[in-house]
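# Observations on the model geometry
Given next are the chains, with one letter for each unit.
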Amino acid sequence: MPLISIRLSLHFYPSLQQLQSINQEIIELSLQQQELLQQPRTHNSYRQRCEITNKIKQHNFTLTYAKPLAIGGILSGSICFFTGVITLFLIQRLGRKAGKSGKQLRTNFAIASHIIRAILLILPISLFLSFSCSLFILTDGLILTKLAIGLIAVAGLCLSIWEIYNKKNITGGASVNGVLITSETNPRLYQLVKQIVQKLELNVMPDNIVFCIGHGFKVSNQTIYLYPHETSLTGNTLYLDSTYINYLTLAELSSIIAHELSHIASNDPSLPKDFYRQIDRLTETITSFSRSRLFYPAYLLSKHFYCSFNRAIRQWNRSREYRADSKALKIIPKEYLALALSKIRLLQVPINQALDNYYYNAHTTHLPLDYVTHYVAHSEIPSLRKLLKKQPSVYDTHPTLAQRLSSVKYRELNRLCGLLTSISPTSLLTDLFSHELNTLQADYQNNIQKIAETNINYLKTHINNRQQTITIKQGGIIRLLLRSLLASLFILITYAFLIANKKHDSEWLITVIILSIVSIFCLRRCYKMYQRIGSQLLAITPQGLVLPCFEKAIPWEQIIHYQINEIMYKKLNLYLNPAFNPGKFKPSSAKIKYNRQNNHIQITAYEIKGKINLPDCTPLISDYIITATARVELQLFTQNKE
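Because the structure is predicted, anything quoted here is derived from the model rather than measured.

### Observations regarding the pattern of salt bridges
What the rule picks out here adds up to five salt bridges. The salt bridge involving Glu321 is made with Arg404; its shortest N-O contact spans 3.9 Å. With a gap of 83 residues between them, Glu321 in helix H10 (residues 296-328) and Arg404 in helix H14 (residues 401-407) connect regions that are remote in the sequence. Among the residues examined, Arg404 registers a relative accessible area of 6% and is labelled buried. For the salt bridge of Arg404 with Asp325, the shortest nitrogen-to-oxygen distance reads 2.9 Å. Taken together, the positions of Arg404 in helix H14 and Asp325 in helix H10 put the pair 79 residues apart, joining distant regions of the chain. Judged by its relative accessible area of 0%, Asp325 falls in the buried class. Linked by salt bridges that have partners in common, Glu321, Asp325 and Arg404 make up one network.

### So, unusual backbone geometry
You will see that Lys409, though not glycine, has its phi angle at about 60°, which is positive. On the secondary structure map, Lys409 appears in the loop between H14 and helix H15 (413-419). Given the relative accessible area of 55%, Lys409 is considered exposed. Unusually for a residue other than glycine, Asn599 sits at a positive phi of about 55°. Relative to the helices and strands, Asn599 is located in the loop between strand E12 (591-595) and strand E13 (600-605). What makes Asn599 buried here is its relative accessible area of 3%.

### Here's the deal with the confidence of the model for the protein chain
Model confidence for the protein chain is summarised by a mean pLDDT of 77, while 72% of its residues fall at 70 or above. Within the protein chain, helix H5 (residues 144-165) has the poorest average pLDDT of any element, 57, and helix H7 (residues 242-245) the best, 94.

### A short note on the sheet that holds strand E11 (residues 570-576)
Think of a sheet as strands paired side by side through backbone hydrogen bonds, with each pair either parallel or antiparallel. One open sheet holds the four strands; their spatial order is E10-E11-E13-E12, and the pairing between them is antiparallel. At either margin of the open sheet sits one strand with a lone partner, and together these are strand E10 (559-565) and E12. Averaged over all pairs of adjacent strands, the angle between strand axes in this sheet comes to 10°, irrespective of strand direction. Bridging between E12 and E13 involves five bridges; their strand directions are antiparallel. Across the sheet, residue Asn595 finds its bridge partner in E13, namely His600.

### Digging into the nonpolar core
One finds Leu189, Phe217, Leu240, Ile245, Ile257, Leu384 and Phe433 to be the most contacted residues of the largest nonpolar core, which totals 70 residues. Ranked by residue count, the leading element in this core is helix H11 (residues 334-360), at 14 residues. In this structure Leu240 touches Leu189, Ile209, Val210, Phe211, Cys212, Gly216, Phe217, Ile245, Ile257 and Phe433, once residues within four positions along its chain are discounted. Core analysis: the next-biggest nonpolar cluster, separate from the first, contains 32 residues, Ile470, Leu538, Ile603 and Tyr624 among them.

Cut-offs used in this document
Residues numbered from 1 in each chain as written. Predicted model: local features only at pLDDT ≥ 70, side-chain atom pairs only at ≥ 80, totals over all residues. Heavy atoms only, no water. Salt bridge = Lys/Arg side-chain N within 4 Å of Asp/Glu carboxyl O. Helix = DSSP H or I, 4+ residues; strand = E, 2+ residues; numbered from the N terminus. Buried < 20%, exposed > 50% of the residue type's maximum accessible area, 1.4 Å probe, protein only. pLDDT = per-residue confidence, 0-100. Pairing = 2+ DSSP bridges. Axes fitted to C-alpha atoms, helices over the stretch in contact; angles between N-to-C directions. Core = buried A, V, L, I, M, F, W, Y, C linked by side-chain atoms within 4.5 Å. Contact = heavy atoms within 4.5 Å.

Shown next as structure tokens:
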């Protein structure tokens with residue numbers, strides 16, 4: 001767009017010969033006007049005088065404003081183009097250098113945020129000015145009112161962008177089912193934490209220690225509310241998950257506490273709190289921009305911004321974990337830290353499954369920790385060797401187990417695998433937390449029952465909703481007409497070359513062949529679109545999503561995520577459950593792509609045949625997915641109750 005505006009401005013820039021010609025024409029028009037004034041006034045002469053007067057005004061406008069407006073168009077278009085290019089390179093450079101340290105990452109991220117805000121204001125304004133200058137020259141200044149309306153629209157666009165990027169943070173506290181540990185309630189644990197702080201020479205104690213079920217080991221400075229008394233806790237909070245402690249020894253627990261306290265000493269909880277809020281705001285901005293063609297350039301810039309810093313953010317997250325591990329080794333032998341990390345990774349999946357299953361067994365009289373222990377004992381725990389071979393993912397905020405063991409230079413992997421062939425509960429939980437254990441389990445059991453009862457009533461209301469069936473068919477008559485016109489144009493050009501009385505040399509032959517190939521290609525595209533018009537794209541039914549490329553319907557509960565966009569064409573992206581097999585894929589007249597490896601389906605619609613548009617189906621698809629999920633959850637509650 002900036003290059004087009006620059007090209008228009010250069011085209012309208014008047015040369016010296018053009019200015020002299022316009023001057024000469026003004027003189028001639030003035031003489032004609034004088035002759036008409038001396039003639040008797042008639043309707044025809046009055047019309048001629050008005051035409052001459054308008055031409056003189058247009059020529060005077062060109063003489064006065066054409067050159068400065070063309071220069072303004074060139075300058076504003078150049079500013080738009082070079083600002084965008086320089087911004088892209090600058091943000092990419094800041095992103096590459098952001099991985100040196102957490103402080104450097106935050107500094108560079110803040111600089112890039114300010115640059116993005118400025119560029120998203122500069123680009124629309126400079127582009128508008130550039131095209132406005134060209135339009136002023138083209139219309140001889142007669143389009144001023146429309147340009148004023150356009151300027152108001154650009155001002156509104158800039159204001160909306162500014163509001164999106166400077167949206168106020170909405171922070172809320174989290175509710176946690178746990179027990180607060182103090183020096184009075186559990187002096188032994190409190191003394192253990194104090195000794196670890198002294199040995200690490202951190203000179204910082206956590207403001208709160210919470211003994212909980214199912215939140216893992218972590219430190220956070222987010223405001224939390226403890227169930228059932230809704231006690232508000234602020235400051236740095238250390239979370240100790242009882243489900244994992246049940247399988248740890250005292251030395252292994254000490255290594256985990258030392259690791260988490262190192263995060264507090266490095267001020268890690270306060271850094272992510274502000275930093276991740278900015279990243280969340282950026283991802284929200286990218287999502288909101290991607291839905292509109294008007295904001296598409298802003299979407300591309302924001303996405304480039306995120307991608308430039310994504311690698312540095314992942315590297316910084318992993319470096320924090322490596323640093324905390326190395327500090328913990330000052331007081332704990334490598335083997336205990338390796339054992340603790342390995343146990344947590346191995347037990348993560350079965351413990352999460354056990355807690356989910358306990359939620360659906362809310363009516364049970366079993367205590368939660370007893371239930372988890374029994375569930376894990378009868379679950380298949382993955383092999384440590386297989387876990388060590390797991391490749392890192394770009395979405396992981398933590399390094400893999402193999403990477404962490406490598407960073408602490410632990411080499412005895414065979415011994416570690418031998419020690420973890422079977423993982424059994426230890427006596428640490430009852431020895432160290434005997435006072436808090438009963439209270440924690442009773443509160444958790446009551447809380448889960450209340451949540452389950454509330455959700456069951458919510459699920460029952462959803463599965464009783466009446467829903468309709470909608471079939472969407474492929475359109476494309478307008479696009480077919482345009483493609484047919486394009487094909488006809490190339491056929492006429494080819495025919496003109498064939499009948500032209502020119503020398504039939506090699507260049508003529510090559511041109512005819514190329515034009516013939518292009519004409520055949522355009523005709524083929526027209527024929528393929530003609531075949532697709534009226535074909536079924538999809539059918540939305542209460543049982544599932546029916547696609548012409550699969551024999552069976554895709555159940556709604558198997559759809560993990562879906563997205564509808566209209567950037568160029570209407571596209572529906574479906575991400576299915578990795579374990580779900582939709583069946584054999586067969587070609588159809590609709591344009592449907594299926595990636596079996598990622599279980600991803602993409603449906604492209606050039607146009608929709610009928611009154612119902614694809615984006616209008618978004619609420620209906622969401623309702624179907626919610627209803628299907630509610631039905632599955634209610635079945636789980638019912639089965640477990642029986």
